[in-house]
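Each chain, letter by letter, is given below.
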Amino acid sequence: MTYNCDVLIIGSGLAALNLAINLDKSIDILIVSNSKLKDCNSYLAQGGITTIKDEKDKELFIKDTLVAGENANDIETINFVSENANKSIQNLVKLGVPFNKDKNNNLIYTKEAAHSTNRILYCDDSSGKVIWKTIFSHIINRKNIDIIDNVEIVDIKSENNNCYGAIGIDENKNIMNFNSKITVLATGGIGGLFKNSTNFNNIKGIGVSIALRHNIKVKDLEYIQMHPTAFYSTNSDKRFLISESVRGEGAYIVNDIGERFVNELLPRNKVSERILKEKKNRNIDFVYLDARHLGKNYLQNRFPKIYNFCLENGYDMSKDLIPIHPSQHYFMGGIAVDKNSKTSMNNLYACGEVSCTGLHGKNRLASNSLLEAVVFSESAANSINKEINSKDPKIINYTNNLFEIKKENIKILIDTFKKIREDLSDEFYSY
Ligand SMILES: Cc1cc2nc3c(=O)[nH]c(=O)nc-3n(C[C@H](O)[C@H](O)[C@H](O)COP(=O)(O)OP(=O)(O)OC[C@H]3O[C@@H](n4cnc5c(N)ncnc54)[C@H](O)[C@@H]3O)c2cc1C
């Protein structure tokens, strides 16, 4: 099966949809996704999206982002995001995203760990899903946008460092051939490579694998964020997050013999490291969160979603220890891009979690990734709108064995990550 389009967007998360909606209506766009359209991490985001309220907040946002990222961030990128955040958020509001408001119709801002002020916009505790659905309601009415789901893109088609489309496999193992003037990788993070991750399992870092095979510049691949307190389970391919605030409100972390072994209020990375070490030392698969002393009434009122989730899974937080395990949560590294989301290969862009803009440094500040996705997908759209008419399509044949490349993609990634993050070796699936 062969498809021709002007812009091929690989992925259907927030980066992909926001890019598509900001491209000119005269551009022929095709969105391709490897699963159901909503099987993306954007749909899972609960907390919200950072905004920058005014000049004073801009300074604080820069400081908070640098502190969280341990100063390994790119300061120019942080400035760029802080200058463009408000405009991108206003565009979401114009599209109709119903951020929570007070009774006088003013936006309400919430706060998360390491933000020194309230600056996060949210839609109850389903922010990602609501934003995604709002944009999607516009996408389905756009005549210039086509969508194909359940096609796994395996490789791009390139010649002399120019990209001319991509190639994939559908659910019936048919080869799907896409010719495009411009291709955008919006394939998200790397959670699907891990035995424990809060991410959807279909998100396996294939964009990064493609970059590694084609010598496209990548950056900061060692910066993998683990969340220390995901609910441990063996019968699900995605881990449920137990918010940091449960520890913040006084819950303990204990081992299999009930001993506390870590200061629960250390940063995410440090707590995760200690748990992984304890797990190895004691040869156990998980540790526990102990919130019993906080009391049933308090837990039910303060953490209703988490309390109910645990209950549905056989644990009453007020009586039982909750099994937890550090789980891969976010990827700060990725394909190196400039401020227009351009990669080092001509005609190839990368947007969202698959890209490394330098915003996050070693550690992502909470709620900064949805912001990164909207700011950069918008700058990518502006850039593509300007250059699309100067691009000519070129049909090139793809001669590699796609099924072999599909296997290689995973092997390349796992081997690469195991080398640079030896401490996480046991966390990856075997291939
Ligand atoms: C549980 C959870 C809670 C979170 N909460 C927040 C929050 O409150 N605030 C915040 O800012 N961030 C949050 N994040 C992070 C944030 O959700 C993601 O970083 C962001 O949504 C990434 O958007 P994206 O468009 O880059 O990728 P995604 O939304 O993950 O989409 C990736 C897309 O690529 C497709 N794809 C992947 N591989 C292929 C392939 N080979 N072929 C075709 N398609 C492919 C997938 O099907 C999917 O459609 C959270 C993440 C998780 C997991």
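Residues numbered from 1 in each chain as written. Predicted model: local features only at pLDDT ≥ 70, side-chain atom pairs only at ≥ 80, totals over all residues. Heavy atoms only, no water.

In the annotation of an unreviewed UniProt entry, the entry for the chain reads L-aspartate oxidase, and the organism field reads Hypnocyclicus thermotrophus. What UniProt records for the chain under Cofactor (unreviewed entry) is the sentence "FAD". The chain has a UniProt comment under Sequence similarities (unreviewed entry) that states "Belongs to the FAD-dependent oxidoreductase 2 family. NadB subfamily." (UniProt positions renumbered as here; feature names shortened; annotations may be inferred.)

1. Some details on the overall build of the chain
When its secondary structure is counted, the chain shows 11 helices and 16 strands. For the chain, whose C-alpha radius of gyration is 22 Å, the value lies close to the compact-globule estimate of 22 Å for 431 residues. A buried classification covers 57% of the 431 residues belonging to the chain. Only carbon and sulfur atoms are counted for the fraction: they give 45% of the accessible area of the chain, which is about 18600 Å². Taking the 54 positively charged and 52 negatively charged side chains of the chain as two groups, their mean positions are separated by 1 Å. (Helix = DSSP H or I, 4+ residues; strand = E, 2+ residues; numbered from the N terminus. Rg over C-alpha atoms; globule rule 2.2 N^0.38 Å. Buried < 20%, exposed > 50% of the residue type's maximum accessible area, 1.4 Å probe, protein only. Areas by Shrake-Rupley, 256 points an atom, 1.4 Å probe, with all protein chains shown as cover. Lys, Arg positive; Asp, Glu negative; His and termini not counted. Charge placed at Lys NZ, Arg CZ, Asp CG, Glu CD.)

2. Quick word on the site of the ligand
Asn34, Ser42, Gly48, Glu353 and Ser369 are the nearest of the 38 residues found near the ligand. Here an oxygen atom of the ligand sits 3.4 Å away from a polar atom, N or O, in the main chain of Ala186. With respect to the ligand, the side chain of Asn202 contributes an N or O atom lying 3.1 Å from an oxygen atom. When the ligand sits alone it has 1000 Å² of accessible area, and the protein chains cover 97% of it. Counting residues per element, the ones that place at least two in the shell around the ligand are helix H1 (14–22), strand E6 (151–159), strand E13 (322–331) and helix H10 (368–387). (Near = heavy atom within 4 Å. Polar contact = N/O pair within 3.5 Å; in protein donor to acceptor, adjacent residues only side chain to side chain.)

3. Observations regarding the side chain of Asn363
For Asn363, the position within the fold is in the loop between strand E16 (355–356) and H10. With residues up to four places along the chain from it excluded, the contact list for Asn363 reads Ala68, Gly69, Glu70, Gln225, Asn269 and Met332. (Contact = heavy atoms within 4.5 Å.)

4. Description of the sheet that holds E16
The pairing of strands in a sheet happens through backbone hydrogen bonds and is either parallel or antiparallel. Spatial ordering of the open sheet is given by E9-E14-E16, a layout of 3 strands whose pairing is mixed. Whereas interior strands pair on both sides, the edge strands pair on one side only; in this sheet they are strand E9 (218–219) and E16. Along the sheet face, helix H5 (residues 206–213) touches E9 and strand E14 (334–336) and points at about 50 degrees away from the line of E14. (Pairing = 2+ DSSP bridges. Axes fitted to C-alpha atoms, helices over the stretch in contact; angles between N-to-C directions.)

5. So, the packing of aromatic side chains
Within this structure, the stated rule accounts for 12 aromatic pairs. Where Phe194 meets Phe428, the ring centres are 4.5 Å apart and the plane angle is 40 degrees; that geometry is what we call tilted. Of the two residues, Phe194 sits in the loop between strand E8 (175–185) and H5 while Phe428 sits in the segment after helix H11 (402–420), which places them 234 residues apart along the sequence. Arranged with centres 3.8 Å apart and planes meeting at 10 degrees, the rings of Phe240 and Phe309 form a pair that is stacked. Taken as a pair, Phe240 in the loop between strand E10 (224–231) and helix H6 (244–248) and Phe309 in helix H9 (residues 304–312) lie far apart in primary sequence, 69 residues in all. Exposure remark for Phe240: the relative accessible area of 15% places this residue in the buried category. One aromatic cluster is present, formed by Phe194, Phe331, Phe417 and Phe428 through successive ring pairs. Geometry around Phe200 places Lys238 over its ring, the cationic atom sitting 5.0 Å from the centre. (Phe/Tyr/Trp six-rings, centres within 6.5 Å; stacked < 30°, edge-to-face > 60°. Lys NZ or Arg CZ within 6 Å of the ring centre and 35° of its normal.)

6. A few points about the sheet that holds strand E11 (residues 252–254)
Pairing is antiparallel across the open sheet formed by 4 strands, whose spatial order is E10-E13-E12-E11. Only two strands of the sheet have a single partner each, and these edge strands are E10 and E11. Recorded for the sheet is a direction-independent mean angle of 45 degrees between the axes of neighbouring strands. The sheet contacts of helix H7 (residues 268–282) involve E10, E11, strand E12 (287–290) and E13, and relative to E10 the element is tilted by about 65 degrees.

7. Some points on the packing of helix H3 (residues 75–95) against H10
Interhelical geometry of H3 versus H10 gives an angle of 85 degrees and a closest axis separation of 8 Å. The angle between H3 and H10 falls in the class roughly perpendicular. Contacts from Thr77, Phe80, Val81, Asn84, Ala85, Lys87, Ser88, Ile89, Asn91 and Leu92 of H3 reach H10 at Leu371, Val374, Val375, Phe376, Glu378 and Ser379. For the contact of H3 with H10, the residue count by class is 9 nonpolar, 5 polar and 2 charged. (Parallel < 35°, antiparallel > 145°, perpendicular 65-115°, else oblique. Nonpolar A, V, L, I, M, F, W, Y, C, P; charged D, E, K, R; others polar.)

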